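Examining the three-dimensional arrangement
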There are 2 protein chains.
Amino acid sequence: MIDFEHGVVTLDYGSGGEKTAELIDTLLRPAFSNPALDALGDGAVVPAPGEQLAFSTDSFVVQPLFFPGGDIGKLAVCGTVNDLAMCGAEPRWLSLSMILEEGFPFSSLRRIVESISRTAKEAGVCIATGDTKVVERGHGDGVYLNTAGIGVVHTPGLSPAAIRPGDKVLVTGPIGDHGTAVMLARADLGPGFESPIVSDCMALHHLAAAACAAGGVRVLRDATRGGAATTLNEFTDGQSFGICLFERDIPVRPEVRAACELLGLDPLYCANEGRMLCLAAPESAPAILDALHALPGGEGAVCIGEVTKEFPGRVVLRTELGAHRVLTRLAGAQLPRIC
Amino acid sequence: MIDFEHGVVTLDYGSGGEKTAELIDTLLRPAFSNPALDALGDGAVVPAPGEQLAFSTDSFVVQPLFFPGGDIGKLAVCGTVNDLAMCGAEPRWLSLSMILEEGFPFSSLRRIVESISRTAKEAGVCIATGDTKVVERGHGDGVYLNTAGIGVVHTPGLSPAAIRPGDKVLVTGPIGDHGTAVMLARADLGPGFESPIVSDCMALHHLAAAACAAGGVRVLRDATRGGAATTLNEFTDGQSFGICLFERDIPVRPEVRAACELLGLDPLYCANEGRMLCLAAPESAPAILDALHALPGGEGAVCIGEVTKEFPGRVVLRTELGAHRVLTRLAGAQLPRIC
């Protein structure tokens, strides 16, 4: 019997034998039980209900594993759910693969698995298949997760190729929360210090579906690693149009702004894990914002800029003083292991 | 520009910014180019051509990364292709996620990526979507890979629940090659020593499809971690039937048998990465063996045992002397990090 209070992972749990079965039976199956997974084959078999499927994957190496507003498990579910949602798809099935380090406490593993289970239930997806490996002490970092996911496309054709000058740039809420929350959780700020910043980590598929239903959406993207500035650069790269952001309209919480100043970061380059960028036809933007405002996590949705024939190929910030600053892609690892 | 001869991976390459884009543009896209991946969205969109899909995932942590007959890249493609094939599905799309360690040589990374690309082409699957993370030096082991895959089910209903007493147990070739090849590659046997044992790592979907087309297949499984003995125990666990293997019929190469004796291993518990176990109706077994013999990698297919009402819930080996030995599941990590 696994001791979930004081036991630690040993290499045996990655062997594919008895101990692996014990781990599956006592922890993973109870946590994720659903018909596709319960069949316990080498893979899951799922019905193909739509015309087009979305398929996505992400590995998660965030440090620390637990942070205000989330943990690596919640992140692993939301990350792939959101990637599917940004494809205009309804997320349905996830795979879950874990690389555990010998010596990792089972108490932490259970906490992570429970978080995965809860987040998946809330998002309406099931863990259809999985895999576990264990590496020797000193060859990992507690736990690395991978999720892949399949979704059914409800809005085909979302693509940067659909962007036109005049389109509006919408964001579903304040930016920079996740990056600063994780950085503050990582910094040893001493006992008694409790950071007021909570990660924005959340599933975005309801917001994405509502925006698509309102019509006029060109492309959706969650602004994760590299932040909003880097994500928008992926749209303008090599194009005949540019994007102009209005600094005064970009929502940043005061505490996030303060933390960024303290840490030498720019909120526009901080990772978000629950913020969607939506480029949409100008006439559709008001209806999309109305739809977003009606949903949890979309209350703070605003227009932060527009697509323009000026500045072709570039993302530019119009400052509150009226000057223009070019926002290039993030050059290096501003925030390593943020997700 | 990435120096693929002498450069090493730095944290920047996992940032999601400029360096990540450079890695994608100079290495990954050229290697895997296909319409689904080239769209470079957060996930791939693929048509859903069948009624039922198979979905599978595996992470790969094998050491060493390169071994006779394969490498971690070939293993990562074959592993998921085979999991899908064992579901009675034709493998179509793979995702690829890499966790790289800071300091990992780009020359090795390129070698691995080229191996992935070659193996995927040979297996007729495309890498539809991907992700790359980098962890600090000392927090990984060069490279860990994850693949997930989607296949289209051609033979629904393959399941251990379909097994009946009298069914035959077939295997597509000699067992134990992969496990012993990797163990010998890991052992420092001194300069000038070249192991004669080559991993059996190969894609099994052609063999699986041929067996299914011949008819009468109950269940398919590739005998990876834990070996043939552990895999067969998954079928008999809690059942009213058992499986009896005939020792004299189990194909093991002489050099593998010798290596197993040297290393204190049992070929029945050694991992295979290109050997399929097929349980089939007795009247169908000859036709299935004929179909397997006609295909590369199936020339050595034989019947090694049968399902029996004796020994309910157990896998038993009838030795050449006529005695019976119970083959339990692998209890611990006989061969850690074998895949």
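Cut-offs and rules
- Residues numbered from 1 in each chain as written.
- Chains lettered and ligands numbered in written order.
- Predicted model: local features only at pLDDT ≥ 70, side-chain atom pairs only at ≥ 80, totals over all residues.
- Heavy atoms only, no water.
- Phe/Tyr/Trp six-rings, centres within 6.5 Å; stacked < 30°, edge-to-face > 60°.
- Helix = DSSP H or I, 4+ residues; strand = E, 2+ residues; numbered from the N terminus.
- Buried < 20%, exposed > 50% of the residue type's maximum accessible area, 1.4 Å probe, protein only.
- Contact = heavy atoms within 4.5 Å.
- Pairing = 2+ DSSP bridges.
- Axes fitted to C-alpha atoms, helices over the stretch in contact; angles between N-to-C directions.
- Parallel < 35°, antiparallel > 145°, perpendicular 65-115°, else oblique.
- Left-handed = near helix turned anticlockwise from the far one by under 90°.

1. Notes on the packing of aromatic side chains
What characterises a pair of aromatic rings is the spacing of the ring centres plus the angle enclosed by the ring planes. All names here are of chain A. Taken as a whole, this structure holds two aromatic pairs over all chains when the rule is applied. Look at Phe4 and Phe106: their rings are 5.7 Å apart centre to centre, the planes differ by 75 degrees, and that puts the pair in the edge-to-face class. With Phe4 in the segment before α1 (18-32) and Phe106 in helix α4 (residues 106-123), this residue pair connects regions lying 102 residues apart in the sequence. Assigned by exposure class, Phe4 and Phe106 land together as buried.

2. Describing unusual backbone geometry
Of note, the bond from Gln63 of chain A into Pro64 of chain A is cis; its omega dihedral lies within 30 degrees of zero at 0 degrees. With phi around 50 degrees, Phe311 of chain B is a residue other than glycine that occupies positive phi space. For Phe311 of chain B, the position within the fold is in the loop between β12 (302-308) and β13 (315-318). By relative accessible area, Phe311 of chain B is classed as partly exposed at 23%.

3. What about the side chain of Thr236 of chain B?
Here Thr236 of chain B is to be found in helix α7 (residues 227-236). Ignoring sequence-local partners within four residues, the contact set of Thr236 of chain B consists of Phe241, Gly242, Ile243, Gly313, Arg314 and Val315 of chain B.

4. What about the sheet that holds strand β8 (residues 168-171) of chain A?
Residues and elements named next belong to chain A. An order of β9-β11-β8-β12-β10-β13-β14 is seen for the seven strands of this open sheet, with the pairing classed as mixed. Two strands lie at the open edges of the sheet, namely β9 (217-222) and β14 (324-326), each paired on one side alone. Taking the axes of each pair of neighbouring strands and ignoring which way they run, one obtains an average angle of 25 degrees across the sheet. Sheet topology places β8 next to strand β12 (residues 302-308); four bridges connect them, and they run antiparallel. Within the sheet, the bridge partner assigned to Leu170 lies in β12 and is Cys303.

5. A short note on the packing of helix α6 (residues 205-214) of chain B against helix α9 (residues 285-293) of chain B
Residue and element names in this part refer to chain B. Relative orientation of the contacting elements α6 and α9 amounts to 150 degrees, with a least axis distance of 8 Å. Relative to α9, α6 is oriented roughly antiparallel. The two elements α6 and α9 cross, and the hand of that crossing is right-handed. In contact with Leu207, Ala210, Ala211 and Ala214 of α6, α9 contributes Ala287, Ile288, Ala291 and Leu292.

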